[in-house]
Protein chains: 2
Amino acid sequence: MKLFNKVAIIGTGLIGGSMGLAMKRKGLVVRIIGLSRHRETLSQAKRIHAIDEGAQDINAIRDADLVIFATPVNTILKMAPLVSRIVNKNCIISDVGSTKEKIAAQLSRQFPNYVGTHPLAGSEKRSIAYASPMLFKNSLCIITPIAKTDKLALDRIVKLWRQMGARVVFLSPKAHDRILSMASHLPHVSSFSLMNTLPRNYLKFSGGGLKDATRIAASDAQLWADIFLSNRKNITEAINLFQANLSKIKLAIRQGNRKELFLLLKKAKQKREILNSLR
Amino acid sequence: MKLFNKVAIIGTGLIGGSMGLAMKRKGLVVRIIGLSRHRETLSQAKRIHAIDEGAQDINAIRDADLVIFATPVNTILKMAPLVSRIVNKNCIISDVGSTKEKIAAQLSRQFPNYVGTHPLAGSEKRSIAYASPMLFKNSLCIITPIAKTDKLALDRIVKLWRQMGARVVFLSPKAHDRILSMASHLPHVSSFSLMNTLPRNYLKFSGGGLKDATRIAASDAQLWADIFLSNRKNITEAINLFQANLSKIKLAIRQGNRKELFLLLKKAKQKREILNSLR
């Protein structure tokens, strides 16, 4: 079943490339145009059939009926005005940005048919080299409609994600950014900070614990600086709470309060086991 | 080549059980006695041939020429006096405890042939059910001799670990505890604290990042309370440094200082990539 005729994916990295692969495998679209600043990325995307055609000129999106922003948050905000002058009125606009309040506020002003999404399927590995048509299979895709979101556009975006294998949930942009500041942004802050704390000559004594706890510190620095700055207030509050919880454990250790320390660790372990049991 | 005649492993969990399996597979010992408070653990250890014989009575270790403490730190400290009244003078005593200063201080007083070790091969999964003869293959085993450590006993313990597949490195107990407070204990504190920060109803929005960053929060609460309390000063200092590094990122976010934030994340990413390139 074709859901769209001509889809333009702006940014053919891990997420954009995987969307192209998934849409083509499921036969959801007639034609996919990929846009990137990097010629090599476009060649690779075309070679693996994630896109039918690559373009570096934004005018190539002119007659698309779906445009998906799959770039870092800041680039979405910067490119949207330009895109709004090119696409026609009926074109559906979507994005996969990691924060949603700023993007929803701006893009819903600039486009009559904007629907925000955030597929929770990234990784510290970026680029088209890691793209897979199965990336979204059984993953969660958060869709963030607002009051004025067009219902038909929303329906088609929901269908698209379900067809690509994702489980769809709805959150307001505000709730999305608050929840993700805890569930995704804070663990990234924690991982980056752990690496900044560890002396370089201690690295060789790392076990699997440190490695897992800091895997996401290998994530792209520019991308994450962008995410953090687009969700300042929530992340600042999350870090404050985290520091308070670190202080509780620190106090129990310093005071030799075994009972309190055990309870704090036990509570964490029980919550972590819920996480294991999900999905 | 037989290195030992009768080995007693006190605590037949993940590490003790895996040592038994590795020693038997390599034919390093004539006979292994396993000790545990739990009859079922002993049956299971015997069934998978990690031990030749199980015992709940400590007197079973009487004529061993090697006794290995493979229990949590606190249990090692509590059981050592009892063991010292049973074994003969020539018996080599070793342990695999996660912190070394307290244990080395006490056990080197109580035994003439004590050699401390810490194989970096644990996991959040405990118990004999996860034991494997390959657990130590290519892993790091830290050996912590002190000035009065018997050279012949040290040689035999080094041989034992190398034969089980581990790469052996030497640290003083003091250096061990300082380094591990950063490379292992701090990531555990961080993981436990992340889980304590995250509201329960946010758990379903977790991606791979949070899951990896908190895998070790599923570790045994009693075991880790023990470890933290046996390395109080180092861990308290490590948490202080970590909180300061969190505050640096927090400040850059709050001030919207993109340049500073980018540099902090970039520095972390570069160090994390060194970690990837090791081993």
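Refer to the structure presented above.
Please read all numbers here as calculations on a predicted model, not as lab measurements.

Asks: Can you walk me through the overall build of chain A in this structure?
Replies: Each helix and strand in chain A was counted, giving 10 helices and eight strands. Its C-alpha atoms give chain A a radius of gyration of 21 Å, within 12% of the compact-globule value 19 Å for 279 residues. On the principal axes, the C-alpha backbone points of chain A span a range of 70 × 40 × 35 Å. By the burial criterion, 58% of the 279 residues in chain A qualify as buried. As displayed, chain A offers around 11,400 Å² of accessible surface, 51% of which is attributable to carbon and sulfur atoms. Between the mean site of the 45 positive side-chain charges and the mean site of the 18 negative ones, chain A shows a separation of 6 Å.

Asks: Even after reading the chapter, I still don't get the pairing of strand β1 (residues 4-10) of chain A, so can you show me in this structure?
Replies: For a regular strand, side-chain orientation follows a simple rule: the groups alternate between the two sheet faces. Residue and element names in this part refer to chain A. Most of β1 sits out of view: six of its seven residues are buried. The sheet contact formed by β1 and strand β2 (residues 29-35) spans six bridges and is parallel. Counterpart to Ile10 in the pairing with β2 is Leu35. Each parallel crossover has a hand, and the one from β1 via helix α1 (residues 14-25) to β2 is right-handed.

Asks: Where do I start with the packing of aromatic side chains in this structure?
Replies: All names here are of chain A. This structure, assessed with the given rule, holds seven aromatic pairs over all chains. Centroid distance Phe136 to Trp161: 5.0 Å. Interplanar angle 90°. Geometry classified as edge-to-face. Of this pair, Phe136 sits in the loop between β6 (114-119) and β7 (140-143) while Trp161 sits in helix α5 (residues 151-163), and the two are 25 residues apart along the sequence. Of the residues examined, Phe136 reaches a relative accessible area of 0% and is grouped as buried. With relative accessibility at 1%, the residue Trp161 sits in the buried group.

Asks: I keep staring at the relation of the copies chain B and chain A and nothing clicks. Help me out?
Replies: The second copy of the chain is related to the first by a rotation about an axis and a shift along the axis. Between the two copies, chain B and chain A, the superposition gives an RMSD of 0.0 Å; the rotation angle is 180° and the shift along the axis is 0.0 Å. In the structure described here, the two chain copies are related by an operation that fits a two-fold rotation axis. It is Ala213(B) whose C-alpha, among those of chain B, lies nearest the rotation axis, at 1.9 Å. Most of the interface of chain B is mirrored in chain A: 100% of its interface residues are interface residues there too.

Asks: So what exactly am I meant to see when it comes to the sheet that holds strand β3 (residues 53-55) of chain A here?
Replies: All names here are of chain A. Reading across the sheet, the eight strands line up as β3-β2-β1-β4-β5-β6-β7-β8 and stay open at both edges, with mixed pairing between neighbours. Strand pairing shows two members of the sheet lacking a second neighbour, β3 and β8 (167-170), which therefore form its edges. In this sheet, neighbouring strand axes are inclined to one another by 25° on average, regardless of whether the strands run parallel or antiparallel.

Asks: In this structure, what is going on with the interface of chain B and chain A? I would like to understand it.
Replies: Counting residues at the interface gives 84 residues for chain B and 84 residues for chain A. Broken down residue by residue, the surface that chain B buries against chain A is led by Asn196(B), Phe205(B) and Lys271(B), which jointly contribute 9%. Linking chain B with chain A are four salt bridges. With a closest N to O distance of 2.6 Å, Arg258(A) and Asp226(B) form a salt bridge. Summed over the shared surface of chain B and chain A, the number is 34 residue pairs in polar contact (both at pLDDT 80 or more). Here the element with the most residues in the side of chain B that touches chain A is helix α9 (residues 232-254) of chain B; it accounts for 17 residues.

Asks: Help me out: how do you make sense of the nonpolar core in this one?
Replies: Among soluble globular proteins, nonpolar side chains are generally buried collectively. If you look at the biggest cluster of nonpolar residues, it comprises 129 residues, and the most contacted ones within it are Val67(A) and Val67(B). For this core, the element with the most residues is helix α6 (residues 173-197) of chain A, which contributes 10 residues. When near neighbours in sequence (up to four residues on either side) are disregarded, Val67(A) contacts Ala8(A), Ile10(A), Ile61(A), Val83(A), Val87(A), Cys91(A), Ile92(A), Ile93(A) and Ser94(A).

Asks: Would you mind going over helix α1 (residues 14-25) of chain B with me for this structure?
Replies: Working note: α-helix, 3.6 residues per turn, so residues spaced by three or four point in the same direction. Residue and element names in this part refer to chain B. Between its terminal C-alpha atoms α1 stretches 16 Å, which fits the 16 Å expected from 12 residues at 1.5 Å a residue. Counting buried positions over the 12 residues of α1 gives 10, a clear majority of the element. Among all positions of α1, only Leu14, Ile15, Gly16, Gly17, Ser18, Met19, Gly20, Leu21, Ala22 and Met23 are buried. The elements touched by buried residues of α1 are β1 (4-10), β2 (29-35), β4 (66-69), β6 (114-119) and α5 (151-163).

Asks: Looking at this model, I keep getting lost on unusual backbone geometry. Mind explaining?
Replies: With the exception of glycine, the majority of residues adopt a negative phi angle, and the majority of peptide bonds are in the trans configuration. All names here are of chain B. Positive phi values are uncommon outside glycine, yet His49 reaches one of about 65°. Its place among the elements puts His49 in the loop between α2 (39-47) and β3 (53-55). His49 sits in the exposed class, given a relative accessible area of 54%. One non-glycine residue with positive phi stands out, namely Asn138, at about 65°. Mapped onto the elements of the fold, Asn138 is located in the loop between β6 and β7 (140-143). Here Asn138 falls in the partly exposed class, since its relative accessible area comes to 49%.

Asks: How should the sheet that holds β3(B) be read in this particular structure?
Replies: Sheets are built from strands that pair by backbone hydrogen bonding, the pairs being arranged parallel or antiparallel. All names here are of chain B. Across the sheet, which stays open at both edges, the eight strands sit in the order β3-β2-β1-β4-β5-β6-β7-β8 with mixed pairing between neighbours. Because the sheet does not close on itself, it has two edges, and the strands there are β3 and β8 (167-170). For this sheet the average axis-to-axis angle between neighbouring strands, irrespective of direction, equals 25°. Inspection of the sheet shows β2 paired to β3 by three bridges, in the parallel sense. Bridging across to β3, Ile33 finds its partner in Glu53.

Asks: I would appreciate a short explanation of the pattern of salt bridges in the present structure.
Replies: Opposite charge on two side chains makes pairing possible when the charged atoms of those side chains draw close. All names here are of chain A. This model, assessed by the stated rule, comprises 18 salt bridges over all chains. With a shortest N-O distance of 2.7 Å, Glu53 and Arg31 are connected by a salt bridge. On the criterion of sequence distance, the pair formed by Glu53 in strand β3 and Arg31 in strand β2 is long-range, its members being 22 residues apart. Of the residues examined, Glu53 reaches a relative accessible area of 29% and is grouped as partly exposed.

The rules behind the values
- Residues numbered from 1 in each chain as written.
- Chains lettered and ligands numbered in written order.
- Predicted model: local features only at pLDDT ≥ 70, side-chain atom pairs only at ≥ 80, totals over all residues.
- Heavy atoms only, no water.
- Helix = DSSP H or I, 4+ residues; strand = E, 2+ residues; numbered from the N terminus.
- Rg over C-alpha atoms; globule rule 2.2 N^0.38 Å.
- Buried < 20%, exposed > 50% of the residue type's maximum accessible area, 1.4 Å probe, protein only.
- Areas by Shrake-Rupley, 256 points an atom, 1.4 Å probe, with all protein chains shown as cover.
- Lys, Arg positive; Asp, Glu negative; His and termini not counted.
- Charge placed at Lys NZ, Arg CZ, Asp CG, Glu CD.
- Pairing = 2+ DSSP bridges.
- Right-handed = clockwise from strand over helix to strand, strands pointing away.
- Phe/Tyr/Trp six-rings, centres within 6.5 Å; stacked < 30°, edge-to-face > 60°.
- Least-squares fit on C-alpha atoms with pLDDT ≥ 70 in both.
- Contact = heavy atoms within 4.5 Å.
- Axes fitted to C-alpha atoms, helices over the stretch in contact; angles between N-to-C directions.
- Buried area = accessible area lost by both parts, 1.4 Å probe.
- Salt bridge = Lys/Arg side-chain N within 4 Å of Asp/Glu carboxyl O.
- Polar contact = N/O pair within 3.5 Å; in protein donor to acceptor, adjacent residues only side chain to side chain.
- Core = buried A, V, L, I, M, F, W, Y, C linked by side-chain atoms within 4.5 Å.
- Expected span 1.5 Å × (residues − 1).

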